[in-house]
Amino acid sequence: MQELIKLNIIQLSLAYLFPLLLFVILKKRGLKREWELLLATFRMTVQLVLAGYILVYIFAKATLGLTLLSFFIMEIFAVLTVIRKFQKDQMPKGMKRTVAFAIFTGTFLSLIYFVFVVIGVQPWYEPRYLIPLAGMIVGNSMTGVALALRLLLDGMKKNRVVVEEILILGGSPKEAAKEVVNSAFEAAIMPTITSMMSAGIVILPGMMTGQILAGASPLVAISYQLAIMLAILGSVALSVIIMLSLGYRLYFNSEVQLKK
Amino acid sequence: MFEIIDMDLKGIISIPYLKIEANKLTVILGPSGCGKTSLLKLLNKLISPDSGDIYYCGKNLKDINSLELRKEVVMLSQNSPLFPESIKDNLKAALNYHMLPIPENFELREILKQVGINKDLDDKVLFLSGGEKSRVALARVLVLDPQVYLLDEPGASLDEKTEIFITEMLKDICQKKGKTMVMVTHSKEIARKYGDVIIDLKEYSRG
């Protein structure tokens, strides 16, 4: 099999034509997103270059402490990314903790299952496996939780009258928030289900593409991709349901009243 | 049935003492924003007072489980939203929240007749007029057959004739079944004609 083509600095620079193209389009159309695009391109470049060097170091050391530290940093960034999307007064008290707990628990349990039961890699903290897998699991869960949180906050605000009506009719907070929670859950897991539907036909998922480019057999790449997509599904579903199940409760007090 | 002592809801109402008697139709009158709806919500424990006490059957509301209270004390809110399903589904939802068995269709139709609705149980509420919707909301409360009814302007979206028909029906339930009703209305005429007790909330209002 042909060796992986290593991109030199000139080849890599040529890829920056794409954001440049978008920059021109934005400018011509008068859409004030140029600086956002420049910042995003700059941040992506710096972050990935740094990540590359850090990963080289972590892979070379391969210690439990460094691997776990990387995992926790990922978790913290994921939680902060979700929380920063919302203004403080949009969220009921305690929601930040709930988001952190949901993302951490959902991703941690899925990752542990995946590493110990599905792959059975030795040692279990082998960073070459654990870090990229954690990245995919945490990243997707973060997106799912952010979407579910947006829908929970909007749903509880828009449907306040209906939610209160169910309390008036003798329903419990769980019954009152059921519709909002269900539609938020459905919407949050749909992107994952949609990507499963199109996997292999419309798109070759990132991990698989990477492995194939690196010279692995497509069959090996597919087996990993299948397993990781199922783990992502589990992690997204788990993180989202934990967040929603705990999150809706924050709208009610112990007297079964809607908080102001 | 209810006793309110030194109760204060900041900026809305302040009641030194008020008694709402059992098995009577108590009518609450008062201008807009004087706290009529808030009073019903307080009695239903949907909100709590900032200070003071409310007693139900001699027991402080603070010591009564809200869900248990709402099984006995049922409120019909103003412009009560219906679930966008059939009339029957709406009645069933209320019964399910109260964990009550679903009556036979003829019994449910009887309740609809009581509120003057001549529609099929499977009709979607989306196609009902405003007045019909408000009567389905009332039927949703009647089907629960609670001990206490808290009614926030049940005739608000009805024409005068239908409002009188509904108020007479409620008065009839109150007398024949020995139920307690607290009804908010803007109509002094309805209050005088049907109310056993009339409370003008203006004197307690802090709005």
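Residues numbered from 1 in each chain as written. Chains lettered and ligands numbered in written order. Predicted model: local features only at pLDDT ≥ 70, side-chain atom pairs only at ≥ 80, totals over all residues.

**Q** Explain the interface of chain A and chain B to me, using residue names and the numbers behind them.
**A** In this assembly, 15 residues from chain A lie in contact with 16 residues from chain B. The greatest single-element share of the side of chain A that touches chain B, amounting to seven residues, is contributed by helix H7 (residues 160–168) of chain A. For the side of chain A that touches chain B, the per-class residue count stands at seven nonpolar, four polar and four charged. (Contact = placed C-beta atoms within 7 Å. Helix = DSSP H or I, 4+ residues; strand = E, 2+ residues; numbered from the N terminus. Nonpolar A, V, L, I, M, F, W, Y, C, P; charged D, E, K, R; others polar.)

**Q** Residue-level account of the nonpolar core, with values.
**A** All names here are of chain A. Ranked by size, the top nonpolar core spans 107 residues in total, and within it Val145 and Ala148 carry the most contacts. Broken down by element, the residue count for this core peaks at 15 residues, all from helix H6 (residues 127–158). Setting aside its immediate chain neighbours within four residues, Val145 contacts Val82, Val99, Ala102, Ile103, Ser239, Val240 and Met243. (Core = buried A, V, L, I, M, F, W, Y, C linked by C-beta atoms within 7 Å. Buried ≥ 20, exposed ≤ 12 C-beta atoms within 10 Å, placed from the backbone.)

**Q** Lay out the packing of helix H3 (residues 34–61) of chain A against H6(A) with the relevant residues and their values.
**A** Geometrically, a packed helix pair is captured by the angle between its two axes and the distance between the axes. Residue and element names in this part refer to chain A. It is the contact of H3 with H6, at a shortest axis distance of 9 Å, that shows an interaxial angle of 140 degrees. Taken together, H3 and H6 sit at an angle that is classed as oblique. Residues Leu55, Ile58 and Phe59 of H3 form the contact with H6, whose own contacting residues are Pro127, Arg128 and Ile131. Class assignment of the residues belonging to the contact of H3 with H6 gives a composition of five nonpolar, no polar and one charged. (Axes fitted to C-alpha atoms, helices over the stretch in contact; angles between N-to-C directions. Parallel < 35°, antiparallel > 145°, perpendicular 65-115°, else oblique.)

**Q** Before we move on, can you summarise the packing of helix H2 (residues 17–29) of chain A against H3(A) with the specific residues and values?
**A** Residues and elements named next belong to chain A. H3 packs onto H2 with a crossing angle of 165 degrees between their chain directions and a minimal axis gap of 9 Å. Relative to H3, the element H2 is oriented roughly antiparallel. In the crossing of H2 with H3, the sense of the turn from one axis to the other is right-handed. Residue-level inspection shows Pro19, Leu22, Phe23, Leu26 and Lys27 of H2 in contact with H3, the latter providing Glu34, Leu37 and Thr41. Of the residues that constitute the contact of H2 with H3, the class distribution is five nonpolar, one polar and two charged. (Left-handed = near helix turned anticlockwise from the far one by under 90°.)

**Q** Lay out H2(A) with the relevant residues and their values.
**A** Between its terminal C-alpha atoms H2(A) stretches 18 Å, which fits the 18 Å expected from 13 residues at 1.5 Å a residue. Trailing H2(A) by a residue or two, Gly30(A) shows a phi angle of about 70 degrees, which is positive. (Expected span 1.5 Å × (residues − 1).)

**Q** Talk me through the domain arrangement of chain A; I want residue IDs and the actual numbers.
**A** Residues and elements named next belong to chain A. Domain boundaries assigned for chain A yield domain 1 (6–61) and domain 2 (63–251). Contacts between domain 1 and domain 2 engage four residues on the former and seven residues on the latter. Looking at the side of domain 1 that touches domain 2 residue by residue, the classes come out as three nonpolar, no polar and one charged. (Domains from an automatic or database assignment.)

**Q** Before we move on, could you go through the sheet that holds strand E7 (residues 148–152) of chain B and cite the residues and values that matter?
**A** All names here are of chain B. Taken together, the five strands give an open sheet; going across it, the order is E6-E7-E8-E3-E9, and neighbouring strands pair in parallel fashion. Each having just a single partner strand, strand E6 (73–76) and strand E9 (197–200) make up the two edges of the open sheet. Across the sheet, the mean angle separating the axes of adjacent strands is 15 degrees when strand polarity is ignored. (Pairing = 2+ DSSP bridges.)

**Q** I'd love a proper account of the pairing of strand E8 (residues 180–184) of chain B, names of residues and values included.
**A** All names here are of chain B. Most of E8 sits inside the fold, with five of its five residues counted as buried. Going residue by residue along E8, you find Thr180, Val182 and Val184 tucked away on one face and Met181 and Met183 tucked away on the opposite face as well. Note that strand E3 (residues 25–29) and E8 share four bridges and pair parallel. Of the residues in E8, the one forming a bridge with Ile28 is Val184. Both E7 and E8 contribute to a ladder of five bridges, which runs parallel. Note that in E8 the partner of Tyr149 across the bridge is Met181. Viewed along the sheet, the connection from E7 through helix H6 (residues 160–177) into E8 turns out right-handed. (Right-handed = clockwise from strand over helix to strand, strands pointing away.)

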